[in-house]
Amino acid sequence: MAMPSAFYFTPANALAVRAIEAAVRGDPEYRAVLVCGPRGAGKRRLLAYARSLAAEAGVDVRIEPSVSLPVATTAPVPTITAIDAEDPEAGAIVHAFRAGGGCVVSLTPEPEILAAVAREVAGGLSLAVDPETLELLVDRLKTVDRIRGALERLQAEAVLAGRDAVDVLFALRILNDYLYPRATG
């Protein structure tokens, strides 16, 4: 089964992919799988992959897009769910999931992979971006979805400004509030 489009299989997400494949196969050690990671790390795409695997195999797997307290890890069929690492209850949910015998896997993108994806996305957009700008986006945004969104915005703004290339000053002018959000209180 092919991965869903725009999902990048990397060493950083290999354990999560293998855990989901084991759950769909019915491996008892992976009866309950919780995928934890930052927003934009690919959790929804990974759950879509699980749905397609289950449909292809003709097996019943409960796939939930999110989980909250109290946590149940003993469903009659394998259960795969996800949580944003930034969720205020994430620590308690992960602890409860593990205590109930569930398997917790993390999606943490590696900077090298993010940089390669950023270059690929920029190339696909026919957007000339200097290396310093790509490094800034990877360092500040940390997920494929956020980086892709920033590059799409930069492409649109570059077209409107009649620019052939994007440098770090242009990127900061366009994306400053996104890259450096102000604390609200």
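Below you will find a few notes about this structure. (Residues numbered from 1 in each chain as written. Predicted model: local features only at pLDDT ≥ 70, side-chain atom pairs only at ≥ 80, totals over all residues. Heavy atoms only, no water.)

Things to note about the packing of helix α6 (residues 144-161) against helix α7 (residues 168-179)
Working step 1: In contact at an axis separation of 10 Å, α6 and α7 are set at 135 degrees when each is read in the N-to-C sense. One way to sum up the angle between α6 and α7 is to call them oblique. Crossing of α6 against α7: the hand is right-handed. Two secondary-structure elements touch here, α6 through Arg146, Ala150, Arg153, Leu154, Glu157, Ala158 and Ala161 and α7 through Phe170, Ala171, Ile174, Leu175 and Tyr178.
Working step 2: When its residues are assigned to classes, the contact of α6 with α7 shows nine nonpolar, no polar and three charged. (Axes fitted to C-alpha atoms, helices over the stretch in contact; angles between N-to-C directions. Helix = DSSP H or I, 4+ residues; strand = E, 2+ residues; numbered from the N terminus. Parallel < 35°, antiparallel > 145°, perpendicular 65-115°, else oblique. Left-handed = near helix turned anticlockwise from the far one by under 90°. Contact = heavy atoms within 4.5 Å. Nonpolar A, V, L, I, M, F, W, Y, C, P; charged D, E, K, R; others polar.)

A few points about the sheet that holds strand β2 (residues 62-63)
Working step 1: What the four strands build is an open sheet, ordered β2-β3-β1-β4; its pairing is parallel. Whereas interior strands pair on both sides, the edge strands pair on one side only; in this sheet they are β2 and β4 (103-106).
Working step 2: By the bridge criterion, two bridges tie β2 to strand β3 (residues 79-84) in an arrangement that is parallel. Among the inter-strand pairings, isoleucine 63 is bridged to a residue of β3, identified as isoleucine 80.
Working step 3: Packed onto the sheet, helix α1 (residues 14-25) meets β1 (32-37), β3 and β4 and runs at close to 160 degrees relative to β1.
Working step 4: Lying over the sheet, helix α2 (residues 43-57) contacts β1, β2 and β3, oriented at roughly 170 degrees with respect to β3. (Pairing = 2+ DSSP bridges.)

Some remarks on the nonpolar core
Working step 1: Residues Leu127, Leu137, Leu151, Leu154 and Val166 are the most contacted members of the largest nonpolar core, which totals 26 residues.
Working step 2: Put simply, the parts of the chain that give this core at least two residues each are α4 (111-124), α5 (131-141), α6 and α7.
Working step 3: When sequence neighbours within four positions are dropped, the list of residues in contact with leucine 137 reads Lys142, Ile147, Ala150, Leu151, Leu154, Leu175 and Leu179.
Working step 4: Residues Val33, Leu46, Leu47 and Val105 belong to the second largest nonpolar core, which totals 22 residues. (Core = buried A, V, L, I, M, F, W, Y, C linked by side-chain atoms within 4.5 Å. Buried < 20%, exposed > 50% of the residue type's maximum accessible area, 1.4 Å probe, protein only.)

Comments concerning the packing of α5 against α7
Working step 1: Close contact between α5 and α7 brings their axes to 10 Å; oriented N to C, the two are set at 10 degrees. Between α5 and α7, the angle is such that the two are roughly parallel. Contact with α5, carried on its side by Glu132, Thr133, Leu136, Leu137, Arg140 and Leu141, involves Val168, Ala171, Leu172, Leu175, Tyr178 and Leu179 of α7 and no other residues of that element.
Working step 2: Counted by class, the contact of α5 with α7 contains nine nonpolar, one polar and two charged residues.

Examining the pattern of salt bridges
Working step 1: Summed over the entire model, instances satisfying the criterion amount to eight salt bridges.
Working step 2: Among the salt bridges present, the one from glutamate 64 reaches arginine 62, with a minimum N-O distance of 3.1 Å.
Working step 3: Glutamate 64 sits in the partly exposed class, given a relative accessible area of 29%.
Working step 4: Judged by relative accessible area, which is 36%, arginine 62 ranks as partly exposed.
Working step 5: Between arginine 182 and aspartate 177 there is a salt bridge, with its nearest N and O atoms 3.8 Å apart.
Working step 6: Take aspartate 177: its relative accessible area is 48%, and that puts it in the partly exposed class.
Working step 7: One continuous salt-bridge network, built from bridges that share partners, spans Arg45, Asp145 and Arg148. (Salt bridge = Lys/Arg side-chain N within 4 Å of Asp/Glu carboxyl O.)

A few points about unusual backbone geometry
Working step 1: Note the cis peptide between leucine 69 and proline 70, where omega equals -5 degrees.
Working step 2: You can see proline 70 is positioned in the loop between β2 and β3.
Working step 3: If you check the backbone angles, serine 126 has positive phi at about 55 degrees while not being a glycine.
Working step 4: Assignment of secondary structure puts serine 126 in the loop between α4 and β5 (128-129).

Concerning α2
Working step 1: For α2, which comprises 15 residues, the first-to-last C-alpha distance of 21 Å matches the rise-based estimate of 21 Å (1.5 Å per residue) to within 8%.
Working step 2: For α2, the complete set of buried residues consists of Lys43, Leu46, Leu47, Tyr49, Ala50, Leu53 and Ala54. Down the axis of α2, the smallest arc covering the buried residues is 155 degrees, so these residues share one side. Seen from the buried face of α2, the exposed residues on the opposite side, beyond 90 degrees, are Arg44, Ala55 and Glu56.
Working step 3: Where α2 is buried, its residues touch α1, β1, β2 and β3.
Working step 4: Positive phi appears at glycine 58, one or two residues downstream of α2, with a value of about 70 degrees. (Expected span 1.5 Å × (residues − 1). Arc of directions from axis to C-beta.)

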